[in-house]
Amino acid sequence: MERFQLYINGAFVDGSARFDSLDPATGSPWAEMPEAREADVNRAVEAAHAAFLSPGWANMTATARGKLLYRLADLVQEAAPRLAALETRDTGKIIRETSAQIAYVAEYYRYYAGLADKIEGAHLPIDKPDMEVWTRREPVGVVAAIVPWNSQLFLSAVKLGPALAAGCTVVVKASEDGPAPLLEFAKLVHQAGFPAGVVNIITGFGPKCGAVLTSHPRVAHIAFTGGPETARHVVRGSAENLAKVSLELGGKSPFIVFEDADLESAANAQISGIFAATGQSCVAGSRLLVQASVKDRLLAILKAKAEAIKVSAPDDMATEVGPLCTKRQRDAIVAALEASIVAGAQVVMGGVCPNGAGFYFPPTIMDCSGAPEADCLRREMFGPVLSVVSFETEAEALALANDTEFGLASGVFTKSLTRAHRMIRGIRAGIVWVNTYRVVSPIAPFGGHGLSGHGREGGLAAALDYTTVKTVWLRTSDDPIPDPFVMR
Ligand code: TXE
């Protein structure tokens, strides 16, 4: 069995306990993970706090911070094959995806490296004589970055990059499911030369680790990606420290296809939109809303493509859909599908849990036309399950698209420019992809509203989110200050 360690205050250390990590392709333990509990979390946060105040970090120029991030980006790029293999082993995410995604993670660090010395304050044309007034953008302090199992390196990069660029220090909590790639990534942080305590990487379970971290008095900002139920615990935890909270919680994203769309192209985007990452993606286009006149044609194309998907071992470059990360996740999908069938949804394909080792589940398409309340249409399944509903008119499409508590992503497929604009305006979601789907970039903000959370990752705004504004008033007159009881 491989063994991993926590990274606290610049040192690789064991946790208070250990747990086994299962290989999702076989269901068997393959590595021993360190488990951070209260004492370990406290040490990590105290180390981050001490580093935040230390001259080595606090007085480092923003340009020098940027250089450390550039170095980290290069190291991530070099280590991408090793990190990808580890992520595949520990989470079941297929090697094709982990290889491509981790190489792109380096670009996120590069983007924020370049931004580090472009986070500017402002000079204010103040309405008083003899005063110079300006604002400084200063780092908020210790950041708690909490990530789920899917894409841990990516989801931590969108937090670590801007937080470090802004001058914060960070405790990253990897998910207890598949923490290997992030624990391994700690070695690159170390190699890049960040001062001890600036980045700490731990893993552990919700109540004994996550909850201690989110309520810790020294934490100033919590950046969380995960499910809405856990987010509620996080927000409750933040009632203790009153930390700023940003939440990225996934969705039930509508993928809308009008009759004038290029159906072949839409089908390819839909296949990747729902079956990439074996459906364990926050932006999964899990609700296909298709105009009734093309429903049968589109479903036939989708079915043919989905049936051709190679479901196999995640470490095989030819595999297109691998196992789910955990048995818990698969059990939840099976239960939701059973309830959906009772509610009137019909299985178009898939839906049957295979026998044998590993947490596999086949690409599944459900027709929910007569089942508006089916679980698979309402709840985030976080698996390879596409739910389909048809519509007649544009107004109906928009109403269906917005009939969700979530609001993260959406896709619109149409050749009509005017209709595309109307849909862009009408859809309540943080992202609208038109005639494309599932494209991301460090330059573009990413996030949602409603049960999808709040706050944005990516782009300049994300770096500003890790800063606080200090207003400076400087009197330029040498005259003595007059009557103290008159405000000026
Ligand atoms: O994630 P959790 P789970 C959705 C998806 C999935 C469901 C549950 O629908 O089926 O959420 O997934 C840490 N205080 N998404 O339970 O619990 C936990 O240790 C602080 C959507 O596996 O949200 C892990 O590091 N932290 C999604 C992280 O929270 C706590 C990604 C996320 O785990 C905690 C994942 C607590 N009390 C799930 N309890 C997306 N948007 O991509 C747990 N954690």
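Residue positions are counted from 1 within each chain, in the order its sequence is given. Per-residue local features of the predicted model are confined to residues with pLDDT of at least 70, and side-chain atom pairs are confined, for both listing and counting, to 80 or more; whole-chain, interface and lining totals are unaffected and use all residues. Side-chain calculation: all heavy atoms of the structure are included, whereas hydrogens and water are not.

**Q** Kindly report on the layout of surface pockets, identifying the contributing residues and their values.
**A** Any residue with an atom within 4 Å of a point lines the site, the site being either a cavity, points on a 1 Å grid over the protein atoms alone where a 1.4 Å probe fits but cannot get out, or a pocket, an open set with protein on both sides within 12 Å along at least 5 of 7 lines. Grid points are joined across faces, edges and corners, and a volume is the space filled by probe spheres set on the points. Its volume calculated, the largest pocket comes out at about 1,100 Å³. Along the wall of the largest pocket there are 44 residues; nearest its centre are Trp 149, Gly 226, Gly 227, Pro 228 and Thr 230. Segments assigned H or I by DSSP are reported as helices when at least four residues long, segments assigned E as strands when at least two residues long, and all are numbered from the N terminus. If you list the elements that add at least two residues to the lining of the largest pocket, you get α7 (206–214), β11 (219–225), α8 (228–241), α11 (327–342) and α12 (375–378). Both domains that meet at the lining of the largest pocket, namely domain 1 (2–249 + 448–472) and domain 2 (254–434), each give it at least three residues. Looking at the second largest pocket, its volume works out to about 640 Å³. Lining the second largest pocket we find 29 residues, and of these Lys 93, Glu 97, Ala 276, Ala 277 and Arg 438 sit closest to its centre. Broken down by secondary-structure element, the contributors of at least two residues to the lining of the second largest pocket are α4 (95–115), α5 (152–166) and α9 (263–275). Among the elements that make up the lining of the second largest pocket, the one with the highest residue count is α4 (7 residues). Shared between two domains, the lining of the second largest pocket takes at least three residues from each, and those domains are domain 1 (2–249 + 448–472) and domain 2 (254–434). How far each domain reaches was decided by an automatic or database domain assignment.

**Q** With reference to specific residues and values, describe the packing of aromatic side chains.
**A** Think of it this way: a Phe, Tyr or Trp ring, Trp meaning its six-membered ring, pairs with another when their centres are within 6.5 Å, and the plane angle makes it stacked under 30 degrees, edge-to-face over 60, tilted otherwise. The tally for this structure, following the rule as stated, stands at 13 aromatic pairs. When the ring of Tyr 104 is compared with that of Tyr 108, the centres are 5.7 Å apart and the planes differ by 85°; the resulting orientation is edge-to-face. Of this pair, Tyr 104 and Tyr 108 both sit in helix α4, separated by 4 residues, roughly a single helical turn. On the basis of relative accessible area, Tyr 104 is assigned to the partly exposed category, the value being 34%. Remark: exposure states derive from per-residue accessible area (1.4 Å probe, protein chains only) relative to the maximum for the residue type, with buried under 20%, exposed over 50%, and partly exposed in between. A relative accessible area of 2% means that Tyr 108 is categorised as buried. A connected cluster of aromatic rings, assembled from ring pairs, spans Phe 255, Phe 413, Trp 433 and Tyr 437. Only Lys NZ and Arg CZ are tested; either one counts as a charge over a ring when it is within 6 Å of the ring centre and within 35 degrees of the ring normal. Positioned above the aromatic ring of Phe 258, the side-chain terminus of Arg 419 is 4.1 Å from the ring centre.

**Q** Quick one: what's the story with the pattern of salt bridges, residue by residue and with numbers?
**A** Any carboxyl oxygen of Asp or Glu within 4 Å of a side-chain nitrogen of Lys or Arg constitutes a salt bridge here. By the definition in use, this model includes 31 salt bridges. Salt-bridge contacts for Asp 40 lead to Arg 43; the nearest nitrogen and oxygen are separated by 3.1 Å. Taken together, the residues Asp 40 and Arg 43, both in helix α1 (residues 38–53) and 3 residues apart, mark about one turn of the helix. When its relative accessible area of 3% is taken as the criterion, Asp 40 is described as buried. Assessed through its relative accessible area of 40%, Arg 43 is described here as partly exposed. Among the salt bridges present, the one from Lys 173 reaches Glu 176, with a minimum N-O distance of 3.7 Å. We classify Glu 176 as partly exposed; its relative accessible area is 22%.

**Q** An account of the sheet that holds strand β14 (residues 287–291) is needed here, citing residue identities and associated values.
**A** Pairing is mixed across the open sheet formed by 7 strands, whose spatial order is β15-β16-β17-β14-β13-β18-β19. Looking at the sheet topology across the chains shown, the edges are occupied by β15 (346–349) and β19 (433–434). Direction of pairing for strand β18 (residues 411–413) relative to β19: parallel, over a ladder of 2 bridges. Directly across from Val 412, in β19, lies its bridge partner Val 434. Strands β13 (254–257), β14, β16 (364–367), β17 (385–391) and β18 of the sheet are contacted by α9, whose axis makes an angle of about 170° with β13. Contacts between helix α13 (residues 394–401) and the sheet are confined to β13, β14 and β17, with β17 contributing the most and set at about 145° to the helix. For two strands to pair, DSSP has to find at least two bridges joining them. Contacts were defined at the residue level, with two residues in contact if any of their heavy atoms lie within 4.5 Å. Here an axis means a line fitted to C-alpha atoms, over the contact stretch when the element is a helix, while the angle between two N-to-C directions is reported on a 0 to 180 degree scale.

**Q** Mind laying out the nonpolar core, listing which residues take part and the relevant values?
**A** The nonpolar side chains of soluble globular proteins are, as a tendency, buried together. Nonpolar core, defined: a set of buried Ala, Val, Leu, Ile, Met, Phe, Trp, Tyr and Cys residues in which side-chain atoms within 4.5 Å join the residues together. Formed by 64 residues in total, the largest nonpolar core has its most connected members in Leu 72, Val 76, Tyr 109, Leu 164, Phe 185, Phe 194 and Ile 201. Ranked by residues supplied to this core, first place goes to helix α3 (residues 62–91) with 11 residues. Among residues more than four places away in sequence, those in contact with Phe 185 are Leu 72, Val 76, Leu 83, Tyr 109, Leu 153, Leu 160 and Ile 201. Core analysis: the second largest hydrophobic core is formed by 33 residues, Leu 263, Ala 266, Ala 284 and Leu 408 among them.

**Q** Give a detailed account of the site of the ligand, specifying residues and quantitative values.
**A** Around the ligand, the surrounding shell holds 27 residues, and the nearest of these are Val 147, Lys 173, Glu 176, Gly 227 and Thr 230. Lys 173 places a side-chain nitrogen or oxygen 2.9 Å from an oxygen atom of the ligand. Here the ligand, which alone exposes 820 Å², has 86% of that area covered by the protein. To decide whether a molecule occupies a pocket or cavity, check its atoms: if more than half lie within 2 Å of the grid points, it is inside. A majority-of-atoms criterion places the ligand in the largest pocket. For the shell around the ligand, the secondary-structure elements that each account for two or more residues are α7, β11, α8 and α11. All amino acids are sorted into three groups, where Ala, Val, Leu, Ile, Met, Phe, Trp, Tyr, Cys and Pro are nonpolar, Asp, Glu, Lys and Arg are charged, and the leftover types, Gly among them, are polar. Residue composition of the shell around the ligand, grouped by class: 10 nonpolar, 12 polar and 5 charged. Mapped onto the domain boundaries, the shell around the ligand takes at least three residues apiece from domain 1 (2–249 + 448–472) and domain 2 (254–434). When we say a residue is near a molecule or strand, we mean one of its heavy atoms is within 4 Å of it. Any pair of N or O atoms that falls within 3.5 Å is considered a polar contact. Within protein, one atom must be able to donate a hydrogen and the other to accept it, and sequence-neighbouring residues count only if both atoms are side-chain atoms. To measure how exposed things are, a 1.4 Å probe is used in the Shrake-Rupley method; for residues, cover is taken only from the protein chains shown.

**Q** I'd like to hear about the domain arrangement of the chain, residue by residue, with values.
**A** Domain annotation of the chain identifies domain 1 (2–249 + 448–472) and domain 2 (254–434). Here the C-alpha centre of domain 2 lies 31 Å away from the C-alpha centre of domain 1. Taken together, the contact pairs 26 residues of domain 1 with 33 residues of domain 2. The term buried area means the drop in 1.4 Å probe accessible area that two parts suffer when joined, counted for both and summed. Among the residues domain 1 hides against domain 2, the three largest losses belong to Arg 96, Trp 149 and His 449. Together they make up 24% of the total. At the boundary of domain 1 with domain 2, the tally comes to 2 salt bridges.

**Q** Can you tell me about the state of the cysteines, naming the residues and giving the values?
**A** We call a pair of cysteine sulfur atoms a disulfide whenever their separation is within 2.5 Å. A full pass over the atoms with the stated rule returns 0 disulfides. No disulfide involves Cys 325; its sulfur sits 15 Å from the nearest other cysteine sulfur, which is in Cys 282. Free cysteine: Cys 353, not disulfide-bonded; nearest cysteine sulfur from Cys 325 at 15 Å.

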